[in-house]
Every structure is written in structure tokens, then in C-alpha cells.
Amino acid sequence: GENVEQHPSTLSVQEGDSAVIKCTYSDSASNYFPWYKQELGKRPQLIIDIRSNVGEKKDQRIAVTLNKTAKHFSLHITETQPEDSAVYFCAATYSGNTPLVFGKGTRLSVIA
Amino acid sequence: EPEVTQTPSHQVTQMGQEVILRCVPISNHLYFYWYRQILGQKVEFLVSFYNNEISEKSEIFDDQFSVERPDGSNFTLKIRSTKLEDSAMYFCASGGTSTGELFFGEGSRLTVL
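Residues numbered from 1 in each chain as written. Chains lettered and ligands numbered in written order. Predicted model: local features only at pLDDT ≥ 70, side-chain atom pairs only at ≥ 80, totals over all residues. Heavy atoms only, no water.

**Q** How should I be thinking about the sheet that holds strand β8 (residues 72-77) of chain A in this particular structure?
**A** Backbone-to-backbone hydrogen bonds join strands into a sheet, with any given pair of strands oriented parallel or antiparallel. Residues and elements named next belong to chain A. The strand order across the open sheet built from five strands is β1-β3-β8-β7-β6, with neighbouring strands paired in antiparallel fashion. Edge positions in the sheet fall to β1 (4-7) and β6 (56-59), since each has one partner strand and no second. Pairs of neighbouring strands in the sheet enclose a mean axial angle of 15°, with direction left out of account. Looking at chain direction, strand β7 (residues 62-67) and β8 are connected through six bridges and run antiparallel. (Pairing = 2+ DSSP bridges. Helix = DSSP H or I, 4+ residues; strand = E, 2+ residues; numbered from the N terminus. Axes fitted to C-alpha atoms, helices over the stretch in contact; angles between N-to-C directions.)

**Q** How should the pairing of strand β2 (residues 10-14) of chain A be read in this particular structure?
**A** The two faces of the sheet receive side chains in turn, since in a regular strand these alternate between them. All names here are of chain A. Where burial is concerned, the two faces of β2 differ: the one with L11 and V13 is buried and the one with T10, S12 and Q14 is not. Relative to strand β11 (residues 106-111), β2 runs parallel, the two sharing five bridges. Note on β11: the bridge partner recorded for L11 is L108. (Buried < 20%, exposed > 50% of the residue type's maximum accessible area, 1.4 Å probe, protein only.)

**Q** Would you mind going over the sheet that holds strand β8 (residues 75-79) of chain B with me for this structure?
**A** Residue and element names in this part refer to chain B. Taken together, four strands build an open sheet; the order of strands is β1-β3-β8-β7 and the sheet is antiparallel. Of all strands in the sheet, those with a lone pairing partner are β1 (5-7) and β7 (65-68), marking the two edges. The average undirected angle you get between the axes of adjacent strands in this sheet is 20°. One ladder, built from three bridges, connects β1 with strand β3 (residues 19-24); its direction is antiparallel.

**Q** It is not clear to me how the pairing of strand β6 (residues 53-57) of chain B should be interpreted in this structure. Could you clarify?
**A** All names here are of chain B. By the bridge criterion, four bridges tie strand β5 (residues 44-50) to β6 in an arrangement that is antiparallel. Within the sheet, the bridge partner assigned to V47 lies in β6 and is K57. Linkage of β5 to β6, two consecutive antiparallel strands, is achieved through a turn of two residues, within which N51 is found at a positive phi near 55°.

**Q** Please explain the side chain of B:S108 as it appears in this structure.
**A** Note that B:S108 resides in strand β11 (residues 108-112). Every residue in contact with B:S108, bar those within four places of it in the chain, is listed here: B:Q6, B:T7, B:P8, B:S9, B:L21, B:A88, B:M89 and B:Y90. (Contact = heavy atoms within 4.5 Å.)

**Q** Would you take a moment to explain the interface of chain A and chain B for this structure?
**A** Think of interface size as the accessible area that goes away when the parts come together; that is how it is often given. On the side of chain B, 24 residues touch chain A, which itself brings 20 residues to the contact. Taken together, both faces of the contact between chain A and chain B bury some 1900 Å²; the carbon and sulfur share is 52%. Counting across the interface, chain A meets chain B through two salt bridges. Taking the shortest distance from any N to any O, the salt bridge between A:R43 and B:E3 comes out at 3.6 Å. At the surface where chain A touches chain B, the tally comes to five residue pairs in polar contact (both at pLDDT 80 or more). Residue assignment for the side of chain A that touches chain B shows that the elements contributing at least two residues are β4 (32-38) and β5 (45-51) of chain A. Of the residues contributing to the side of chain A that touches chain B, the split by class is eight nonpolar, seven polar and five charged. (Buried area = accessible area lost by both parts, 1.4 Å probe. Salt bridge = Lys/Arg side-chain N within 4 Å of Asp/Glu carboxyl O. Polar contact = N/O pair within 3.5 Å; in protein donor to acceptor, adjacent residues only side chain to side chain. Nonpolar A, V, L, I, M, F, W, Y, C, P; charged D, E, K, R; others polar.)

What follows is the structure, given as C-alpha cells:
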């Protein structure tokens, strides 16, 4: 089955700096890669996703890149703000009725 | 905006007791999931449900667990005889047709004493 590795486990950045979180996956059949943000005590919320037919996707300050050959994908947050502080999870699946497999999460702290 | 709703938000139970966690998925979704998150750890897949039957389950989902869709709207997770290690946040999620995107509920925090 799919296995997703995520690093770093914790990341502290100064407000305004960029943050990068990286994930690797094992199953070459996986074709859907979402990123979820989870604030303390809340549900995971989808912030951006990418499918295997594209290499990069951007939404305002957030971007995701995908390297299918190397089987890794990354989340980039630019101009970080204190409200970006949360745990971020990457995930992978073969889209359809297959479960998302999550990474272990990255706790991002943005220091004002 | 449609949401996945879960009840109860928090349940405290004694070890060995049965617990039922309830979920109302988004109405036009066809795929339903239960995930578990032990405090401070990652979100772990338990079970997926499609077309009124389990489509996939993880090693965590042993004989103590069961799921049911008793009517057209509810999706339940039952733990027959709770153990201390079942203490976790349980998230229900639903998805549309073959998109892969999941929508999570707010979670049900289960505390087993």
C-alpha cells in the first residue's frame, strides 16, 4: 500500500518568510495529492491539491509542486503570517474510492 | 456551504463499553470514510464505505469496529468494547465521485477511562 513520508516535523519561520514542507510517496499509481491544514482541535481542511497531470499549482500565497519521477511533492507558503501557524498534512491516493494516506504532519509556527 | 456533521463532539466512556459515533455526510457524496487521530499524531485511515458496503479497511479496523449506513443520511461507527487505546479523535469524511477530495467533519473526541 501507499506510504507517505513528510518532513520536517516542526518548522519555525519569521513572519514574512517562506515555508517549505516536503513529502514523498511510494505508490507510483497515486495521482491525487492534497494538503490539509489543521488548527488546534479542529478538523483537517483542504488548502490546495494537485493531480498528477500537472507539475505545479498556485493559489495566492500557497503553491504545490509535484515531481512524479522522484515521487515527491512540496508545499510552499510565501509571506507567512501568524495565522498560518498550524499542523499541515500531505496526503496521497489514487483518486476514486481509495483512502487518502496521510503524512505525519508538520507543525508550522510563524513568529511575529 | 454543505458540511459533514458529527455527533457527539466529545464522549467519555468506561473501558469495555460500546460507543456509537454518528456522521451525516454531504448529501450528494457517495464515498464515506472514518479516520482516527490520536492526540498529536497523524490522521489514520480506518474504513471506507461505498455502495452500502465496506470497500476497504485498515489493520486498525478489527472485529471491535463496525460501520453502518442505517438510512439515507447517517453513517455510524460502532466500537463494541472500547479499550484505553481507542481514545482519539474520530473524523468522518465524505467524497464525491472519483475526485479524491475529502471533506472532513469536526470530529468526535472519544475518551476511554
